[in-house]
Amino acid sequence: MQALRQEILPPSGVEFAACLKFTPSTLSDSGPSTSQSGRALFNIVVARSSLLRIFEVREEPAPISTQKEDERDRRASVRKGTEAVEGEVEMDASGEGFVNMGTVKSTGVNGVAHPATINKLYLVREHRLHGTVTGMEAVRTVHSLEDKLDRLLVSFKDAKIALLEWSDAIHDVLTVSIHTYERAPQLMALDSALFRAELRVDPLSRCAALSLPKDALAILPFYQSQAELDLMEQESSQARDVPYSPSFILDLANDVDKRIRNVIDFAFLPGFNNPTVAVLCQYQQTWTGRLKEYKDTVGLYIFTLDLVTNNYPVITAVDGLPYDCFSLAPCSTTTGGVVILAGNAIVFVDQASRRVILPVNGWLPRTSDVSMPSLTPQEQLRDLQLEGARVTFVDDKTFFVIQRDGTVYPVELVLDGKIVSRLSMSDAVARTTVPAVLKRIENDYLFVGSIVGPSVLLRTAHVEEEIKDEDVDMTAAPATAVAPVDAMDLDDDEDLYGPSSSAEKPAANGTADGIADSVKKRTVVRLSFCDAMPAYGPISDMAFGLARNGDRVVPELIAATGSGELGGFHLFQRDMPTRSKRKLHAIGGGRGMWSLPVRQPVKVSGGTFERPANPFHAEKDSVIISTDANPAPGLSRIATRSSHSDITITTRIPGTTLGAAQFFQGTAILHILFNVTNVIRVLEPDGSERQIIKDLDGNSPRPKIKSCSICDPFVLIIREDDSIGLFIGEIERGKIRRKDMSPMGEKTSRYIAGGFYTDTSGLFQTFLNEQAPAENVTSTLQGAMNAGSKSQWLILVRPQGVVEIWTLPKLTLAFSTTLLATLDPVLTDSLDPPALSLPQDPPRKPQELDIDQIVIAPLGESRPHPHLIVLLRSGQLAIYEAVAAAPPAEPLPSTRSLTLLVKFVKVLSKAFDIQHTEEEQKSVLAEQKRISRLLLPFVTSPAPGQTYSGVFFTGDRPSWILSSDKGGVRVFPSGHNVVHAFTTSSLWESGGEFLLYSEEGPSLVEWMPDIQLDGHLPARSVPRSRPYSNVVYDASTSLIVAASSFQNRFASYDEDGNIVWEPDSPNISFPRCECSTLELISPDGWITMDGYEFAPNEFVNCIVSVPLETMSTESGMKDFIAVGTTINRGEDLAVKGAVYVFEIVEVVPDPSTSIKRWWRLKLLCRDDAKGPVSFLCGMNGYLVSSMGQKIFVRAFDLDERLVGVAFLDVGVYVTSLRAVKNLLVIGDAVKSVWFVAFQEDPYKLVILGKDPHHCCITRADLFFADGHLSIVTCDEEGIVRMYAYDPHVDPESKSGQHLLRRTEFHGQTEYRSSLLVARRPKTGDPEIPQARLVCGAIDGSLSTLTYVDEAAFKRLHLLQGQLIRTVQHVAALNPRAFRMVRNEHVSRPLSKGILDGNLLATFEDLPIARQNEVTSQIGTDRATVLKDWASLVGAW
């Protein structure tokens, strides 16, 4: 069998981060941002597994409208002494995570207030790499001296380092070089796969180091100046343009010091003339059970890298550090030395080998012989665990330790002269996200990256506070006090982002004029929240449920995500979740709907003025115009809303409306109609006619209008013979007239698409040609009114594919390109004169690659940005972002008077499978069946304070095109079969409603609330402040059963029930163990209806909903909830387990609640087992359970007990059971996969086949389609394997005893939850669906495995080979090596059989010329390949 594996959702969270000035926009050295758009401060590049994202941090003016009210409310509620300080952003009181920006007291020079600012994250670029990232650092090379930008160094799992830089030409990252060490002798060992390469960079960018197995470092030196480069050029024969010199591998034990073995961590130290490395290592390995023999086995070695003489002298060696040291942080040059984190202590070591130790609990004297400092009584009660903690310096003497639950503890280096005498730790000051990586940026910011939840950007402000003498006793106070904030409350999920809090530390006594004052000063480090990157973390389990979107029921993937306090559920839907609010059959609208705000003009002494509009309150719509093709020649209606929210149709007009829009600044309606002839009308607000222009050529009507664009005061019509008409409104007369089009060439010129764009972003700037004759500037009242705020542009497409942008109102060509028709990655002005496009004889027929629709529209959330969206007739959609371009270096040609300083960069490409009916059919029936595919821009406000600008794509593949701040551009299917008409409508006083004419008729629709659009699937987050290990959906009651998991204190007992050990001191704690509770959750409101608590040392392994025999139903079968658990009794007693069977029963609801139906969990049976019950599944009405090394098949007898009917001895520990009919697949932690059949007469389990090789399986599934069957497994390294059971054909199978490995594919991350869903392709058997496997991985990625038929597989496999060879991949990685699996048992890798969806997806993004080139080499065409691809992709 062949399959396609594609990632629907990329990995979630941040594992590595680099903060740097990477893109040119961060170089604007202006002071505080005064412009409306703000300025970019720096970039944050983040990575998780194979996903790399580049963000920009912008400083923007705070939202204005609510500042005054906020200030008033705050004054009333804030406690004295906790106000925000200068330059600080404050968290709001309710902990909602919205920053209260109006309250920032910011004063500039001389006390002049400058506007308050906020810091926000914006996504710039996102890439899925063909490699797993293991480190990222910023580095400055020789070329950084020229362009002032940093470079990015990324290391990968297979020992590679890539040097990346930003290219302005392609507006994307460019690979400078790749350095591979995968053939180094250190990586030839068999266990090198278990090793993770760490990357570190010297603070002055003199070299980078990558850790390799066998205690070695790969050193990559960088040139620092042009002089070094010139010297190198003289020595070597050829000129060198590369910024690095040859790298080498440093074997630490042989080249530096033989005591450096088993490296734990390493770092470069600042402030040395040569690069200097500190290495933390463990010469003699030990563990907790061997502390009597070996303790304090960790050493710290600091040595210098002399890159010229290849000499590596050790300058400091410290032995005898605690055995559980795990991380190293270099101190600043003022103190020198390093800070080491151990499990029970924080250790500071300086360059003179002096050690200062701060124990954080009572375990240190019991596990170590290091000398203990004298502790205050308060410090003797401290009991912290530092495993999993991260550390970062916030200034020279203060560092933050963030525990694994996100609690922030400030620690200060207390100096005695110049020597650190002790470490002083304060109480916790804040709670932030669970940290995986900490980065300090420009002394002002702290980035906390998390792999299990949102990552946050915090601001650290240093403020001096004056304190009276009696307030603080200088000597007795701990070096860091706490500001009065309720930092530890964590009621709300948003609170994770750390409320405003402060860490304070005393400074020297303040003296003025030599006289000791009673005022002392202390510096306060304030933490405040800036912004967050949303993420949900690992997927521990998932289930499909049914969600109600209004009255529609849709499938929804319920994923248990996150960890610790960040745990909860994430709900994913395939389509954009919308709900219908009301049906509006009266207005029709099958051919188009327009909802318009129109207001009555005011007559004053003969002149007409419109009523002034409030700019802060958008006008509500007052009129809906709708049109239908029936009855011929069409019917148009004008409707308004009556007082009872009902629709009243005021006017009916025969004819089909082709376009309508508000005109003359909202005081009239421009209406384009076809009724025998084309008619352009100006209507009064009540629908009566003010002016009518018939589109005639002499007395004969012109061809019908096929499309139009209206943008006050301009109107463009494009007729079916590709001729155009342009009209302009004269506001003084309130009438329209034809506009002269002579600058655009011949009157008979042909155009196939076009439209207007109004630029409010200020991005569309022009550059004038000095040589061209100056144009006399015409000034109309309309032009003068619009001059300051916005500019208007006309986009036209000529039949040969030339796209032109013209200025308005003076028609001047500003931009011309031929590259859009082939969807090239970057479009720039070709500086050509206006192209010729005269009519052809015979008339030109539409081509597949013609541009069908083109629109420039803003896309975005808080900063909408112009995007060019184009749809080709073949169904290819491309979205380009408009980016400012530099003025041309060469003078413009004389044929052009100006050029537009914009280039368009392709950000997304998607191929829709679109069928066209034959064009010859012009009958009435064909007209009614015609599907209009239009790109319609919209602006919507789904919630207060949230606005999205997007584009809706109507037709038979209806889609929402949206862009969010942190997710970039996305295309979401709308979930309808067809949408004929679309418009936003605020007629019912809501800013988030749409009128939609779908297959169900016209209806008023809105988005579901609280939807998150920054992922690749629309999602909703349900924070529960606890993680869930298992989740199952019960279809009969539509309820969710989930096992929440939390840490409990664990005590060990002997056989007589006496406790073996308990803590004997307040700073010693019990160990922790996992424990579970079962929850019955209603998806309506996510309330827990009932639960079941297990023993304190019992945790759930699996939950399944299984149909078992029962006497309580007519059919004799009923769904029950079966739960398998492990009872952990410590390391001296054997583990036990149990099977529970629950029934969900309905009970009488509590009358005090408004809930109509209430349910409970009823325990029917508990069956104890001698081993852990690691997995359960249902099979033909029986329950299959694993117990230790055995599999049992049990029947449920009399609804009260389980009776065993068959058993089988299997491997060591069963990790997976899956049944289809009477076939069972068993996955084992050692013995790989077994294929078993169950027979009922007599009862027995028969082994059909098993894998002869050992392998640790995490999940095994049956995968079937079109009469074929395979077994798909995943192991703990993430390798996906497909096995065949073939007893008759292949002699290798030993007549079926051995399963045959057919394919091995490296998925890179393991998945422990998978779901089998039905897939019904158009061409397949409608009765028997194919299987599609949906897998949720521990890095948060969601992937699918889809069956591919033989013919399509051959094409796509050849295409994959071409793409590997001919496309430049980001960071110059090798996609084939990334997916290849090393297998000692076969001569060639078993790589054929699973296609890599991430690689094939790059084909859609290629320009059409490249697509044709690539497909012609494999003997097919691009249309066939894109059709294959479109039929396979999609979520489920």
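Look a little higher up for the structure.
In what follows, the accompanying structure is described.

About the cut-offs
- Residues numbered from 1 in each chain as written.
- Predicted model: local features only at pLDDT ≥ 70, side-chain atom pairs only at ≥ 80, totals over all residues.
- Heavy atoms only, no water.
- Axes fitted to C-alpha atoms, helices over the stretch in contact; angles between N-to-C directions.
- Helix = DSSP H or I, 4+ residues; strand = E, 2+ residues; numbered from the N terminus.
- Parallel < 35°, antiparallel > 145°, perpendicular 65-115°, else oblique.
- Left-handed = near helix turned anticlockwise from the far one by under 90°.
- Contact = heavy atoms within 4.5 Å.
- Nonpolar A, V, L, I, M, F, W, Y, C, P; charged D, E, K, R; others polar.
- Salt bridge = Lys/Arg side-chain N within 4 Å of Asp/Glu carboxyl O.
- Buried < 20%, exposed > 50% of the residue type's maximum accessible area, 1.4 Å probe, protein only.
- Arc of directions from axis to C-beta.
- Pairing = 2+ DSSP bridges.

Between helix H11 (residues 1397-1405) and helix H13 (residues 1422-1432), the shortest axis-to-axis distance is 11 Å and the interhelical angle comes to 135°. Relative to H13, the element H11 is oriented oblique. Here H11 runs over H13; the crossing is left-handed. Packed against H11, whose contacting residues are Gly1397, Leu1400, Ala1401, Phe1403 and Glu1404, the element H13 presents Arg1422, Val1425, Leu1426 and Trp1429 at the interface. Considered class by class, the residues forming the contact of H11 with H13 number six nonpolar, one polar and two charged.

Across all of its chains, the model carries 72 salt bridges by this definition. Here glutamate 182 and lysine 160 are joined by a salt bridge, their closest N and O atoms 3.8 Å apart. Taken together, the positions of glutamate 182 in the loop between strand S11 (172-180) and strand S12 (199-201) and lysine 160 in strand S10 (residues 160-167) put the pair 22 residues apart, joining distant regions of the chain. Here the residues in one salt-bridge network are Glu15, Arg48, Arg196, Glu198, Arg200 and Asp265, joined through shared partners.

Buried within H13 are the following residues: Arg1422, Val1425, Leu1426, Asp1428, Trp1429 and Leu1432. All buried residues of H13 fall inside an arc of 155° around its axis, so they share one side. One or two residues past the end of H13 sits glycine 1434, with phi positive at roughly 125°.

Strand order across the open sheet formed by four strands is S55-S57-S58-S59, with antiparallel pairing between neighbours. The two strands at the open ends of the sheet, each matched to only one other strand, are strand S55 (753-759) and strand S59 (813-817). Strand after strand, the sheet turns through a mean of 15° between neighbouring axes, direction not considered. Here strand S57 (residues 791-797) pairs with strand S58 (residues 803-807) via five bridges, running antiparallel. Its bridge partner lying in S58, isoleucine 795 is registered against isoleucine 805.

Glancing now at unusual backbone geometry. Cis peptide bonds are those with omega within 30 degrees of zero, and the linkage from leucine 808 to proline 809 qualifies with 0°. Backbone torsion omega between aspartate 1241 and proline 1242 reads -5°, so that peptide bond is classified as cis. For proline 1242, the location among the structural elements is in the loop between strand S88 (1233-1240) and strand S89 (1243-1250). Despite not being glycine, serine 205 has its phi angle at roughly 60°, a positive value. Relative to the helices and strands, serine 205 is located in the loop between S12 and strand S13 (207-212). For serine 205, a relative accessible area of 5% translates into the label buried. The phi angle at asparagine 1180 is positive, at roughly 50°, despite the residue not being glycine. In this structure, asparagine 1180 sits in the loop between strand S82 (1176-1179) and strand S83 (1182-1187).

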